[in-house]
Amino acid sequence: MRLAAAFALFADLRLAIGAALWPTILAVWQAPSLISQPQALSRLFMSHVWNLFGNGVDANGRDVKQVLITPHAYGVVLDLGAGHGHTVNYLDHSRVTKYVAVEPNVLMHTELRHVASAAGYSEDAGTLLILPCGAEDISTILSSLPAPHPPVDTLISVLTICSIPSPQSTVCTLINEALKPGGQVLFYEHVLSDREDVAWWQRLWAPIWSIAFGGCRLDRPTHRWIEDVGGWVKDEGGVGGKEGEPEESLFWHRVGRLVKVG
């Protein structure tokens, strides 16, 4: 693997630290108790990072998401790690009855609500539900959705499973308990590379990267975990790559649509 590719992520690290460090220091100066609240501190830092990166990351995956999400998402849509709500812009409003945004960072909720409203989804109309919990808090997710259970027609994860706690068990439980028979999982995730040389660098940088980017890990074989849940309809959907992406990329993406057996 070329060293230029192996060290390419440091440009983004520099930008993230430049955008978020000083506002975070100011917040701690104004509220010193933040020092003893590492999760709140991390979410504050990440909110500034995402203000800088969110639109660009969305644009970088736009072609993929237009093909993956727009023609397929329907019914009750559960969006894991919704962030600023970029996913809502890829939903066909005539086919989606409710957009459920799971986003534990409440500092992103104002923008998330604004973006969803602009796309025609609102809490007043009952077409928008924002849950201030993580994807791993499955009991909260299920209790917030009406019967019958399982309640979800379409489960979407866009660059999210990289950062959730206990990702493998969380993915398995969400699919088994939240997703309806006949429902689908749509995912676009950066994952552990199949190339050993790239994977070595991903594992090396993962702890450093996760500090600046809200726990995001470079070294998770997310696509394998989803496939391994099993119970998928044969010959419908599948898992593939991102067209034109270099094999040396530390952010190696997998794109998938899997349908749960009815």
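Residues numbered from 1 in each chain as written. Predicted model: local features only at pLDDT ≥ 70, side-chain atom pairs only at ≥ 80, totals over all residues. Heavy atoms only, no water.

(A) Seen up close, a nonpolar patch on the surface. A contiguous nonpolar surface patch, about 470 Å² in accessible area, is contributed by I17, L21, W22, I25 and L26. Take I25: it is sitting in helix α2 (residues 9-30). (Patch = residues over 30% accessible without salt bridge, like charges linked within 9 Å, V, L, I, M, F, W, Y side chains within 5 Å. Areas by Shrake-Rupley, 256 points an atom, 1.4 Å probe, with all protein chains shown as cover. Salt bridge = Lys/Arg side-chain N within 4 Å of Asp/Glu carboxyl O. Helix = DSSP H or I, 4+ residues; strand = E, 2+ residues; numbered from the N terminus.)

(B) Broad picture of the nonpolar core. L78, I141, L155, L174, I175, V185 and I226 are the most contacted members of the largest nonpolar core, which has 26 residues in total. Elements with a contribution of two residues or more to this core: β1 (75-80), β2 (96-102), α6 (138-144), β4 (152-158), α7 (167-178) and β5 (179-191). Looking at this core, the element that brings in the most residues is α7, giving 4 residues. Setting aside residues no more than four positions away along its own chain, L174 makes contact with L78, L80, A135, I138, I141, L155 and L179. Counting 23 residues, the second largest nonpolar core, distinct from the first, contains L68, A82, L112 and A116. (Core = buried A, V, L, I, M, F, W, Y, C linked by side-chain atoms within 4.5 Å. Buried < 20%, exposed > 50% of the residue type's maximum accessible area, 1.4 Å probe, protein only. Contact = heavy atoms within 4.5 Å.)

(C) Looking closely at the sheet that holds β5. Ordered in space as β3-β2-β1-β4-β5-β7-β6, the 7 strands form an open sheet in which the pairing is mixed. Each end of this open sheet is capped by a strand with a single partner; those strands are β3 (128-131) and β6 (232-241). Neighbour-to-neighbour, the strand axes of the sheet open up by a mean angle of 15°, direction not taken into account. As paired elements, β4 and β5 share 6 bridges and run parallel to each other. Bridge pairing in β5 places V152 opposite L179. Contacts between helix α9 (residues 222-229) and the sheet are confined to β5, β6 and β7 (252-260), with β5 contributing the most and set at about 165° to the helix. (Pairing = 2+ DSSP bridges. Axes fitted to C-alpha atoms, helices over the stretch in contact; angles between N-to-C directions.)

(D) Inspection of the packing of aromatic side chains at higher detail. A complete count under the given rule lists 10 aromatic pairs for this structure. Each member of the aromatic cluster is reached from another via a ring pair, and the members are F7, F10, W200, W201 and W205. (Phe/Tyr/Trp six-rings, centres within 6.5 Å; stacked < 30°, edge-to-face > 60°.)

(E) Examining the state of the cysteines more closely. Under the counting rule described, the total for this entry stands at 0 disulfides. This cysteine, C216, is not joined by any disulfide, and C162 carries the nearest cysteine sulfur, 3.6 Å off. (Disulfide = S-S within 2.5 Å.)

(F) Structural context of the pairing of β5. A large share of β5 lies buried, amounting to 10 of its 13 residues. Taken together, β4, α7 and β5 form a β-α-β motif whose crossover is right-handed. Note: β5 against β7, 8 bridges, orientation antiparallel. The residue bridging F187 from the neighbouring strand is G256, located in β7. (Right-handed = clockwise from strand over helix to strand, strands pointing away.)

(G) Expanded view of the packing of α7 against α9. Viewed as axis vectors pointing N to C, α7 and α9 meet at an angle of 40°, and their least axial separation amounts to 9 Å. On the basis of the axis angle, α7 is oblique to α9. In this structure, the crossing between α7 and α9 has a hand that is right-handed. Between α7 and α9, the contacting residues are P167, Q168, V171, C172, I175 and N176 on the first element and W225, I226 and V229 on the second. Residues of the contact of α7 with α9, tallied by class, amount to 7 nonpolar, 2 polar and no charged. (Parallel < 35°, antiparallel > 145°, perpendicular 65-115°, else oblique. Left-handed = near helix turned anticlockwise from the far one by under 90°. Nonpolar A, V, L, I, M, F, W, Y, C, P; charged D, E, K, R; others polar.)

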